[in-house]
Amino acid sequence: MMSFVSLLLIGIMFPAIQGKQFTKCELSQVLKDMDGYGGIALSEWICTIFHTSGYDTQTIVNNNGSTEYGLFQINNKFWCRDNQILQSRNICDISCDKFLDDDLTDDMICAKKILDKEGIDYWLAHKPLCSEKLEQWHCEML
């Protein structure tokens, strides 16, 4: 009985998925290799992600019968698989829950695929909110 209680406490203290709420500067550092990819400046990514997920890796949004996951709000109908849409195209060849953790490597790989296939306008926040006047999205690293 004691070992069950110990395991239960460990499970509560250390959940299976470790998400992260980033700051603008933390995220700028992690995403620095995306600066200029597909002609999109880092400040555009930072702005778009803020308006898409609020820099929170565990953001999940239900949207017209599909679900969007993580910082980049990657859709389960086309880009990843989950148990909700079994016929997902799964173009990124990944489980959607991988976009909810604090390792952004797979998120960035998939976001680049989306950018290559759909362009930056896949992220609806970009055009009206993040295509100009981007000074506030720069992070001055000290």
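Cut-off values and rules
- Residues numbered from 1 in each chain as written.
- Predicted model: local features only at pLDDT ≥ 70, side-chain atom pairs only at ≥ 80, totals over all residues.
- Heavy atoms only, no water.
- UniProt positions renumbered as here; feature names shortened; annotations may be inferred.
- Helix = DSSP H or I, 4+ residues; strand = E, 2+ residues; numbered from the N terminus.
- Pairing = 2+ DSSP bridges.
- Phe/Tyr/Trp six-rings, centres within 6.5 Å; stacked < 30°, edge-to-face > 60°.
- Buried < 20%, exposed > 50% of the residue type's maximum accessible area, 1.4 Å probe, protein only.
- Lys NZ or Arg CZ within 6 Å of the ring centre and 35° of its normal.

**Q** How do you make sense of the UniProt feature "domain: Glycosyl hydrolases family 22 (GH22)" (unreviewed entry) in the chain when you look at a structure like this?
**A** Per the UniProt entry, the sites bearing "domain: Glycosyl hydrolases family 22 (GH22)" (unreviewed entry) are residues 92-110 in this numbering. Helix makes up 32% of residues 92-110 and strand 0%, and the two end C-alpha atoms of the span are 6 Å apart.

**Q** Please explain the pairing of strand β1 (residues 60-63) as it appears in this structure.
**A** When a strand is regular, its side chains alternate between the sheet's two faces. With four bridges connecting them, β1 and strand β2 (residues 66-69) associate as antiparallel partners. Pairing of Asn63 across the sheet is with Ser66, part of β2. Hairpin geometry of β1 and β2 is characterised by an intervening segment of two residues between the two adjacent antiparallel strands and by a positive phi of about 50 degrees at Asn64.

**Q** I tried to follow the packing of aromatic side chains on my own but got confused; where do I start?
**A** For any pair of aromatic rings, geometry is given as the distance between the ring centres together with the angle between the planes. One pass over the structure, following the stated rule, counts seven aromatic pairs. Look at Trp45 and Trp123: their rings are 5.2 Å apart centre to centre, the planes differ by 75 degrees, and that puts the pair in the edge-to-face class. Within this pair, whereas Trp45 is found in helix α3 (residues 42-53), its partner Trp123 is found in the loop between α4 (105-118) and α5 (126-129), the two being separated by 78 residues in sequence. Comparing Trp45 with Trp123 shows no difference in burial state: the two are buried. Taking the centre distance of 6.2 Å and the plane angle of 85 degrees together, the rings of Trp79 and Tyr122 count as edge-to-face. Residue Trp79 is located in the loop between β3 (74-75) and α4, and its partner Tyr122 is located in the loop between α4 and α5; the two are separated by 43 residues in the primary sequence. What makes Trp79 buried here is its relative accessible area of 2%. The ring of Phe22 carries the charged tip of Lys20 above its face, separated from the ring centre by 5.3 Å. Above the face of the Tyr37 ring, Lys112 is positioned so that its terminal group lies 5.0 Å from the ring centre.

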